[in-house]
Amino acid sequence: MSKIGVGSVLAAFLAASSFAQNPHYQPDLEWRPPTQSQTRENPLAARPELAAGGRKLFVRNCAECHGRDGAGLEKKHSADLQLAVVQQESDGALFWKITNGNAKRGMPSFSKIPELQRWQIVLYVRTLKARAESGSGAKSQPPIAAFQSAAALTSCFLISTPIRIP
Ligand code: HEC
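None of these values were measured; they are calculated from a predicted model.

S.K.: It is not clear to me how the site of the ligand should be interpreted in this structure. Could you clarify?
M.R.: Taken together, 26 residues form the shell around the ligand, and within it D28, C62, C65, G106 and M107 come nearest. Of all elements in the fold, only α3 (51-61), α4 (63-66) and α6 (91-100) reach the threshold of two or more residues within the shell around the ligand. Residues of the shell around the ligand, tallied by class, amount to 14 nonpolar, six polar and six charged.

S.K.: I would appreciate a short explanation of α3 in the present structure.
M.R.: At 3.6 residues per turn, the α-helix brings residues three or four places apart onto the same side. The element α3 is largely enclosed, with a buried count of eight among its 11 residues. Along α3, the residues that are buried comprise A51, A52, G53, G54, R55, K56, L57 and F58.

S.K.: It is not clear to me how the nonpolar core should be interpreted in this structure. Could you clarify?
M.R.: For soluble globular proteins, nonpolar side chains are generally found buried alongside one another. Core analysis: the biggest nonpolar cluster contains 25 residues, and L94, F95, I121, V122, L123, Y124 and V125 have the highest contact counts within it. Those elements that place two or more of their residues in this core are α3, α6 and α7 (115-133). With seven residues, α7 is the single largest residue contributor to this core. With sequence-adjacent residues up to four places away left out, Y124 is seen in contact with A51, G54, R55 and F58.

S.K.: I'm lost on α6 in this one. Help?
M.R.: Across the 10 residues that make up α6, a large majority, eight, are buried. For α6, the set of buried residues is D91, G92, A93, L94, F95, W96, K97 and I98. A positive phi of about 65 degrees marks G101, the residue just after α6.

The rules behind the values
Residues numbered from 1 in each chain as written. Predicted model: local features only at pLDDT ≥ 70, side-chain atom pairs only at ≥ 80, totals over all residues. Near = placed C-beta within 6 Å. Helix = DSSP H or I, 4+ residues; strand = E, 2+ residues; numbered from the N terminus. Nonpolar A, V, L, I, M, F, W, Y, C, P; charged D, E, K, R; others polar. Buried ≥ 20, exposed ≤ 12 C-beta atoms within 10 Å, placed from the backbone. Core = buried A, V, L, I, M, F, W, Y, C linked by C-beta atoms within 7 Å. Contact = placed C-beta atoms within 7 Å.

Encoded structure:
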């Protein structure tokens, strides 16, 4: 098989494997963050390497409903976090939704997770967008690169060391 042939088979495979598990998710229009929450910026925006710790927090707290890849689980009616309708929201809006939850539609509140760790989770949620697009040729940083540079960690609130997941 030619190089191009292998490449397109791989691209097709990636596209298929990143296919949303809950592609029909529609955001609840009544679940809107107040304007001042929407415009909040991620204080960790300049530290993309902290997404690695965000992933650990995600696996521990979120994967049971959203899946490890964030694609959502149809039977839980959870949001597919790779979808454009989610990714186009601001960091502040995602932070607010994670903090407050939407109890009536099954999304718990995570205000008990320290604030900076919630922002770390937002960093990780942003990497899911790159993953969803990788099948269509968009550039994305392999998740492993984020782990390699996670060593330069300072604040004790931020997750850096491996967490054992039962
Ligand atoms: C018990 C199941 C459950 C858990 C655990 C859970 N979620 Fe959700 N999540 C949901 C459901 C259900 C929705 C859809 C809510 C709706 O329809 O309004 C949702 C929606 C969301 C949304 C909103 C997407 C959008 O913009 O409309 C985000 C962001 C989100 N979850 C992130 C997280 C993160 C991050 C965690 C872990 C800290 C988490 N969720 C844990 C069930 C869950």
